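Commentary on secondary and tertiary structure
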Amino acid sequence: DCYISSELPVFLDLRVRYLSSCGRGSEAAALAKCCVRHPTAGQLLFFLQVYLSWLLKTGQHDRLCKEFCVELCANALRSRLPCDVLTKTFIYKTIAVLLPSDLEVCRACALLVFFLERTVESYKMVYLLYMHPDQEYHVDDSPIGNNVRFETLQVENLFMYVLMGVLHPCLQNLK
């Protein structure tokens with residue numbers, strides 16, 4: 001990230017083009033991927049094009065599909081459109097299915113599903129997920145981009161805080 005910030009996007013563009021023309025596609029894709037995630041360089045669509053083309057050429061369609069689907073789910077949650085409980089539950093469950101190896105995301109999704117459904121099955125899922133030891137997150141092993149994961153967790157945490165804000169006064173009234 002520091003390296004990308006120190007270079008002008010036009011030079012990064014030239015470097016990616018050079019690597020691609022020399023047959024070093026994986027290196028070009030790695031640099032393009034870093035540029036896509038950078039706030040300034042990421043505005044050039046060329047980097048996204050190189051990265052997506054490389055994913056398609058190397059047969060990594062599932063990674064591309066997962067990233068796209070998780071981003072769509074996060075955008076659906078972030079939008080202010082009216083959403084019933086069933087729809088929100090479905091979105092959280094979809095995210096958890098798409099990212100089964102990301103324990104933090106699965107825990108957040110399961111907890112939100114429990115808050116929405118309040119069923120024994122959803123409680124059991126939360127309980128089982130919190131029985132697993134915490135995992136260290138590795139960006140390179142994730143099937144989705146770090147920015148997509150961060151945005152998804154941010155949206156989920158926002159809804160969790162809203163629900164906790166609603167539940168806290170209710171619990172006070174029960175005392």
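As shown above, the structure is provided for reference.
Throughout, a residue's number is its position along its own chain's written sequence, starting from 1. Given that this is a predicted model, residues contribute local features only at a pLDDT of at least 70 and side-chain atom pairs are listed and counted only at 80 or more, while totals for whole chains, interfaces and linings are drawn from all residues. Side-chain numbers come from the whole structure's heavy atoms, not from hydrogens or water.

Where helices and strands are cited, they refer to DSSP runs of H or I of at least four residues and of E of at least two residues respectively, numbered from the N terminus. A tally of helices and strands in the chain yields nine helices and zero strands. Ordered by position in the sequence, the α and β elements of the chain form the string α-α-α-α-α-α-α-α-α. Summary of the burial criterion: residues with accessible area below 20% of their type's maximum are buried, those above 50% are exposed, and those between are partly exposed, where the area comes from a 1.4 Å probe applied to protein chains only. Every one of the 175 residues in the chain was classed for burial, and the buried ones make up 33%. Residue contacts follow a heavy-atom distance rule, with two residues in contact if any of their heavy atoms lie within 4.5 Å. Intrachain contacts of the chain at a sequence separation of at least 6 include 57% that bridge at least 24 residues. Only the protein chains shown count as cover for residues, and the accessible areas themselves come from Shrake-Rupley with a 1.4 Å probe. About 11300 Å² of surface is accessible on the chain, with carbon and sulfur atoms providing 64% of the total.

Attention now moves to helix α7 (residues 103-117). Expected helix span is taken as 1.5 Å per residue step, with the number of steps being one fewer than the number of residues. Counted at 1.5 Å a residue, the expected span for α7 with its 15 residues is 21 Å, and the 20 Å between its end C-alpha atoms agrees. Those residues of α7 that sit buried are L103, V105, C106, R107, A108, C109, A110, L111, L112, V113, F115 and L116. Two residues or fewer past α7, R118 is found with a positive phi of approximately 55°.

What follows deals with unusual backbone geometry. For R118, which is not glycine, the phi torsion reads 55° and is therefore positive. With respect to the helices and strands, R118 occurs in the loop between α7 and α8 (120-131).

Nonpolar side chains tend to gather and get buried jointly when the protein is soluble and globular. Here, nonpolar core means buried Ala, Val, Leu, Ile, Met, Phe, Trp, Tyr and Cys residues that are tied together by side-chain atoms lying within 4.5 Å of each other. One finds Y92, I95, L99 and V105 to be the most contacted residues of the largest nonpolar core, which totals 22 residues. At the level of secondary structure, the elements contributing two or more residues to this core comprise α5 (61-78), α6 (85-98), α7 and α8. With eleven residues, the single largest contributor to this core is α7. Among the nonpolar cores identified, the runner-up in size contains 14 residues, and L19, L31, F47 and V50 belong to it.

Once that is clear, we can look at the pattern of salt bridges. Salt bridge, as used here, is a side-chain nitrogen of Lys or Arg placed within 4 Å of a carboxyl oxygen of Asp or Glu. Tallied over the full model, the rule gives four salt bridges. R24 serves as the salt-bridge partner of E27, at 2.8 Å between the closest nitrogen and oxygen.

Another aspect to go through is a nonpolar patch on the surface. Patches here: salt-bridge-free residues with over 30% relative accessible area, like charges joined within 9 Å, nonpolar side chains (Val, Leu, Ile, Met, Phe, Trp, Tyr) joined within 5 Å. A cluster of nonpolar side chains, namely L8, V10, F11 and L14, defines an oily patch on the protein surface of about 390 Å² accessible area. Examined against the element boundaries, L8 turns out to sit in the loop between α1 (2-6) and α2 (9-21). Taking relative accessible area as the criterion, L8 reaches 51% and is therefore assigned exposed.

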